[in-house]
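# Summary of the model geometry
Given next are the chains, with one letter for each unit.
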Amino acid sequence: MLGRVTQGTMTAQLLGNINKNLKQAAELQEKMGTGRKINRPSDDPVGITYSLRYRSELSINNRFQTNVNSALSWLDFYDTILSQAVDVLKRVKELAVQGANGTNPQVALDNIAGEVEQMKDQLVDVANSMFQGKYVFSGQMTEQMPYPPGTDPKTVLTDQGSLDYIINTGIRLSVNLIGNNVFGYPPASTGVVVNPPNTNEEDNVFYVLDQIINSLRSGDHEGVAAQIPLLESRIDKILTQRAEVGARVNRIELMEQRLKDLNLNLVTLQSKTEDADLEELIIQSKVNESVYQASLAVGAKIIMPTLVDFLK
């Protein structure tokens, strides 16, 4: 048996429907205002899990991109200072060839020795280069000068530690160069114990320069000439280190492009999950507005005048 439908029941039902339309209108306005279809977890419980996952992966990817940029900066700096070192040694080679000429008087040899000494000081400055407040040839001991004043540079053993950047999940890349690999390990004649053993190098650049200077000061043309092949050997080794820098740069640039592609893919997926379709929202808003206006018009007819209205 059907119960009696009172005026209060119809009014309550009408108000409920109107409030429902108002709530839908508010939700549509919020989505249009934020441009997102997910503003709280309850909007799409499944979609929010994907959204959070994309956000996390984007954050990690951005961290990798920052590391890649930092690594490229280090390697670009190494390329610059290695180029400077090679330029210095090429000038020293020119001076050595000139000094090996037996027709030079001693005063000319002394002048050449003076310039070679200046080139040695310049090379020490290059070896003590800093980038972002860190000594680049000190291994992991970046706060310590690798070739400090008061020490004989040809006897120095630099730290062998590597500076690594994580450029992707599980991928580490060393960006630093070991000072001894560039400028040479102490020669055996210095008596320095080298680790690993048997890596003493007679073409240690500072040892070679000292030999050239001493030979020039003593007028030993043959002694100067004997150092030229060792000088060329060290130039070749520095160029090898520069080629290693170039190879690392190539790898990082490939990784950089890969990260950019991945970032674009993640942003696209995130947009599909979170971003609202404004055209669709506008249409839904207009439809909702029409329904709301219709409900008000129908409600005005449903709620009939009461006895009080007749008594007026």
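This text goes with the structure placed above it.
Attention in this report is confined to the structure presented alongside it. Worth saying up front: this structure is predicted, and the values here are computed from it rather than measured.

As a further point, take the pairing of strand E4 (residues 171-174). Alternating positions in E4 separate cleanly, Ile-171 and Leu-173 being buried on one face and Arg-172 and Ser-174 remaining unburied on the opposite face. Two successive antiparallel strands, strand E3 (residues 164-168) and E4, enclose a turn made up of two residues, where Gly-170 displays a positive phi of approximately 75°.

A word on the packing of aromatic side chains. Per the counting criterion, the structure on display carries eight aromatic pairs. Centroid distance Phe-137 to Phe-183: 5.2 Å. Interplanar angle 75°. Geometry classified as edge-to-face. Placement of the pair is Phe-137 in the loop between strand E2 (134-135) and E3 and Phe-183 in helix H4 (residues 179-183), with a sequence separation of 46 residues. The same class applies to Phe-137 and to Phe-183, which are both buried.

This part takes up the pairing of E3. Where E3 lies against E4, four bridges are found, and the strand directions are antiparallel. Residue pairing across strands places Ile-166 opposite Arg-172, the latter belonging to E4.

By the definition in use, this model includes 14 salt bridges. Put simply, Glu-201 and Lys-237 hold a salt bridge, and the shortest N to O gap is 2.9 Å. Taken as a pair, Glu-201 in the loop between H4 and helix H5 (205-217) and Lys-237 in helix H6 (residues 221-274) lie far apart in primary sequence, 36 residues in all. For Lys-237, the salt bridge is made with Asp-203, and the minimal N-O distance between the two is 3.0 Å. One end of the pair, Lys-237, is in helix H6; the other, Asp-203, is in the loop between H4 and H5, with 34 residues separating them in the sequence. A residue is classified by how much of its surface remains accessible, and Asp-203, at 4% relative accessible area, is buried. Overlapping salt bridges, with partners in common, bring together Lys-120, Asp-152, Lys-154 and Asp-210 in one network.

Glancing now at the side chain of Thr-142. You can see Thr-142 is positioned in the loop between E2 and E3. For Thr-142, the residues in contact, after removing those within four places along its chain, are Lys-134, Tyr-135 and Leu-163.

A separate point is H5. Note that an α-helix has 3.6 residues per turn; residues three or four places apart therefore point the same way. A rise of 1.5 Å per residue sets the reference length of H5, with its 13 residues, at 18 Å; its end C-alpha atoms lie 18 Å apart and thus fit the reference within 8%. The element H5 is largely enclosed, with a buried count of ten among its 13 residues. Taken together, the buried positions of H5 are occupied by Val-205, Phe-206, Tyr-207, Val-208, Leu-209, Asp-210, Ile-212, Ile-213, Ser-215 and Leu-216. Just downstream of H5, Gly-219 is the residue with a positive phi angle, here 75°.

A few words now on the nonpolar core. Core analysis: the biggest nonpolar cluster contains 56 residues, and Leu-123, Phe-137, Phe-183 and Ile-212 have the highest contact counts within it. Secondary structure elements with two or more residues in this core: helix H2 (45-99), helix H3 (106-127), E3, E4, H4, H5 and H6. For this core, the element with the most residues is H2, which contributes 16 residues. Ignoring anything within four residues of it in the chain, the contact list for Ile-212 reads Val-92, Ala-96, Val-116, Val-224, Gln-227 and Leu-231.

The phi angle at Gln-132 is positive, at roughly 55°, despite the residue not being glycine. Along the chain, Gln-132 turns up in the loop between strand E1 (130-131) and E2. A residue is classified by how much of its surface remains accessible, and Gln-132, at 60% relative accessible area, is exposed.

Counting through the fold element by element, Gly-191 comes out in the loop between H4 and H5. Separated by 36 residues in the primary sequence, Gly-191 and Thr-155 have C-alpha atoms spaced 8.5 Å apart.

The end-to-end C-alpha separation of H3 is 31 Å, in line with the 32 Å expected for 22 residues at 1.5 Å each. Within H3, burial applies to Leu-109, Ile-112, Ala-113, Val-116, Met-119, Lys-120, Leu-123, Val-124, Val-126 and Ala-127. Looking down the long axis of H3, one finds its buried residues gathered within 145° of arc, a one-sided arrangement. Away from its buried face by more than 90 degrees, H3 exposes Val-107, Asn-111 and Gln-118.

About the thresholds
- Residues numbered from 1 in each chain as written.
- Predicted model: local features only at pLDDT ≥ 70, side-chain atom pairs only at ≥ 80, totals over all residues.
- Heavy atoms only, no water.
- Buried < 20%, exposed > 50% of the residue type's maximum accessible area, 1.4 Å probe, protein only.
- Helix = DSSP H or I, 4+ residues; strand = E, 2+ residues; numbered from the N terminus.
- Pairing = 2+ DSSP bridges.
- Phe/Tyr/Trp six-rings, centres within 6.5 Å; stacked < 30°, edge-to-face > 60°.
- Salt bridge = Lys/Arg side-chain N within 4 Å of Asp/Glu carboxyl O.
- Contact = heavy atoms within 4.5 Å.
- Expected span 1.5 Å × (residues − 1).
- Core = buried A, V, L, I, M, F, W, Y, C linked by side-chain atoms within 4.5 Å.
- Arc of directions from axis to C-beta.

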